[in-house]
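# Architecture and fold: a report
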Amino acid sequence: MSHLLDEAVLPCRHQHRPLLIHTDHSADHQHAHGLDVHRPQQRKALMISVALTTGMMIVEFIAGLLTGSLMLISDAIHMLSHATALGISLLAVVLAQKKVGEHFPFGLYRVEILAALFNGIGLAGFSVWIIYEGIVRMIDPVAILGPELTAVAIVGLAVNLTTAVILRRAGLEDLNTKSAFLHMLADTFSSAAIVVGGIIIVLTDWFIVDPILSMVVALLVARWSWGLLRDSVLILLERKPDTIDSAKLQRGLKQEFPEVRDVHDVHIWEITSAFVCLTMHVVLDDMKLKEANKVRSRMTEYLQQQFGVGHSVIQIEC
């Protein structure tokens with residue numbers, strides 16, 4: 001990699017925290033396999049979130065059965081899916097930091113994206129189930145114990161808010177942690193809707209409020225799940241990140257390095273959130289190999305600092 005830096009701390013594209021880059025000196029190409037101590041804040045936040053969510057899920061499920069509330073039962077199942085999703089997210093972070101052999105040259109970072117994809121599918125499935133149950137309840141309303149429903153919902157709202165804040169403070173620059181945060185944000189809105197619904201039921205005995213608010217929350221969750229599924233699938237398909245303009249990158253190289261005559265065959269993709277890879281061919285003025293390597297090292301550093309590229313392979317032509 002770059003002969004100018006043995007270790008560089010570069011800003012992530014989302015500007016929440018630095019991305020640690022370690023160099024691997026090579027005459028053929030430049031390596032910047034990063035994230036060496038992998039997301040310690042996110043790992044701790046996920047552990048706390050799993051414990052809080054699991055505990056509240058058990059309370060809401062039992063309370064839903066006792067009060068007859070679809071909102072509480074659905075939120076308990078919602079929280080069960082979240083507890084599972086958070087556990088998978090935590091597992092993904094742990095696996096991503098494991099050192100693996102030559103069969104996985106980029107490590108296990110893609111596990112994070114697979115976890116995010118699984119979370120998105122879970123959210124979508126939850127939305128469909130709640131909408132179905134809501135329709136059934138509207139056709140055949142069920143009596144609900146309003147005061148008990150409201151009390152449990154308030155506790156659930158407090159737990160969800162606490163968990164969402166913990167995840168938010170840990171940083172959302174990786175898609176996996178972002179997916180976990182979206183799960184908890186969905187639960188927060190769900191709990192808030194349940195509190196409002198419980199108050200209305202206590203005051204009016206309008207039991208139909210329960211399935212209506214449940215379906216509204218489900219539609220909101222479905223919208224979030226679509227964005228999560230889209231982002232994770234695009235990364236798995238190795239689409240170019242929207243944050244990097246290929247034309248601007250090529251123009252910048254030509255302007256910054258007078259030795260560069262042409263840049264072509266450029267490929268840019270993400271291994272996981274904030275870990276961008278790039279390969280390209282660069283045509284240089286005719287020069288000694290030693291001088292060409294110096295130019296390549298400078299280009300690698302430029303790509304890191306200006307575009308957040310964590311791994312670059314530059315093939316020199318003349």
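None of the values given here were measured: they were computed from a predicted structure.

## Brief notes about the overall build of the protein chain
- A count of helical and extended segments in the protein chain gives eight helices and five strands.
- Counting from the amino terminus, helix and strand elements in the protein chain follow one another as β-β-α-α-α-α-α-α-α-β-β-α-β.
- Relative to all contacts within the protein chain whose residues are 6 or more apart in sequence, the contacts with residues 24 or more apart total 73%.
- When the accessible surface of the protein chain is totalled, it reaches about 14,900 Å², and 65% of it is carbon and sulfur.

## Considerations on the packing of helix α7 (residues 246-256) against helix α8 (residues 289-307)
- In contact at an axis separation of 11 Å, α7 and α8 are set at 130° when each is read in the N-to-C sense. In terms of axis orientation, α7 runs oblique to α8. The way α7 lies across α8 gives a crossing that is right-handed. Together, K248, L249, G252, L253 and E256 of α7 and M299, Y302, L303 and F307 of α8 make up the contact between the two elements.
- Of the residues in the contact of α7 with α8, the class split is six nonpolar, one polar and two charged.

## Some thoughts on the pattern of salt bridges
- Evaluated as defined, the whole model comprises eight salt bridges.
- A salt bridge links K254 to D262, with the nearest nitrogen and oxygen atoms 3.9 Å apart.
- A relative accessible area of 38% means that K254 is categorised as partly exposed.

## Focus: the packing of aromatic side chains
- Enumeration over the complete set of coordinates arrives at two aromatic pairs.
- Summarising the aromatic geometry, the rings of F257 and Y302 are spaced 5.7 Å apart at their centres and angled 90° between planes, so their arrangement reads as edge-to-face. One end of the pair, F257, is in the loop between α7 and β3 (260-272); the other, Y302, is in helix α8, and 45 residues separate them in sequence. Residue F257 shares its accessibility class with Y302, and that shared class is buried.
- Here the aromatic rings of Y302 and F307 are separated by 6.0 Å at their centres, their planes lie at 70°, and the arrangement is edge-to-face. Taken as a pair, Y302 and F307 share a single burial class, namely buried.
- Through a chain of ring-to-ring contacts, the aromatic side chains of F257, Y302 and F307 assemble into a single cluster.

## Thoughts on the pairing of strand β4 (residues 275-284)
- Along β4, nine of the ten residues are buried, which leaves the element largely enclosed by surrounding structure.
- Here nine bridges tie β3 to β4, and the two strands are oriented antiparallel to one another. Paired with E270 across the bridge in β4 is V276.
- The antiparallel hairpin formed by β3 and β4 contains two residues in its connecting segment, where A274 sits at a positive phi of about 70°.
- Pairing between β4 and strand β5 (residues 309-317): eight bridges, direction parallel. From the neighbouring strand, V282 faces β5, where its bridge partner is I316.
- Once you follow β4 into α8 and on to β5, the crossover reads as right-handed.

## A look at the environment of V295
- Following the sequence through the fold, V295 ends up in helix α8.
- Residue V295 is classed as buried on the basis of its relative accessible area, which comes to 3%.
- For the pair formed by V295 and F257, sequence separation is 38 residues and the distance between their alpha carbons is 8.0 Å.
- The contacts of V295, once residues within four sequence positions are left out, are E259, L284 and M287.

## Comments concerning a nonpolar patch on the surface
- Taken together, the side chains of M138, W206, I208, I212, V216 and L220 define a hydrophobic patch exposed on the protein surface, amounting to about 520 Å² of accessible area.
- Among the elements that make up the nonpolar patch, the one with the highest residue count is helix α6 (residues 209-236) (three residues).
- Here I212 shows up in helix α6.
- Relative accessible area serves as the criterion here: at 35%, I212 is assigned to the partly exposed category.

The rules behind each value
- Residues numbered from 1 in each chain as written.
- Predicted model: local features only at pLDDT ≥ 70, side-chain atom pairs only at ≥ 80, totals over all residues.
- Heavy atoms only, no water.
- Helix = DSSP H or I, 4+ residues; strand = E, 2+ residues; numbered from the N terminus.
- Contact = heavy atoms within 4.5 Å.
- Areas by Shrake-Rupley, 256 points an atom, 1.4 Å probe, with all protein chains shown as cover.
- Axes fitted to C-alpha atoms, helices over the stretch in contact; angles between N-to-C directions.
- Parallel < 35°, antiparallel > 145°, perpendicular 65-115°, else oblique.
- Left-handed = near helix turned anticlockwise from the far one by under 90°.
- Nonpolar A, V, L, I, M, F, W, Y, C, P; charged D, E, K, R; others polar.
- Salt bridge = Lys/Arg side-chain N within 4 Å of Asp/Glu carboxyl O.
- Buried < 20%, exposed > 50% of the residue type's maximum accessible area, 1.4 Å probe, protein only.
- Phe/Tyr/Trp six-rings, centres within 6.5 Å; stacked < 30°, edge-to-face > 60°.
- Pairing = 2+ DSSP bridges.
- Right-handed = clockwise from strand over helix to strand, strands pointing away.
- Patch = residues over 30% accessible without salt bridge, like charges linked within 9 Å, V, L, I, M, F, W, Y side chains within 5 Å.

As far as function goes, none of this settles anything; it's purely spatial.
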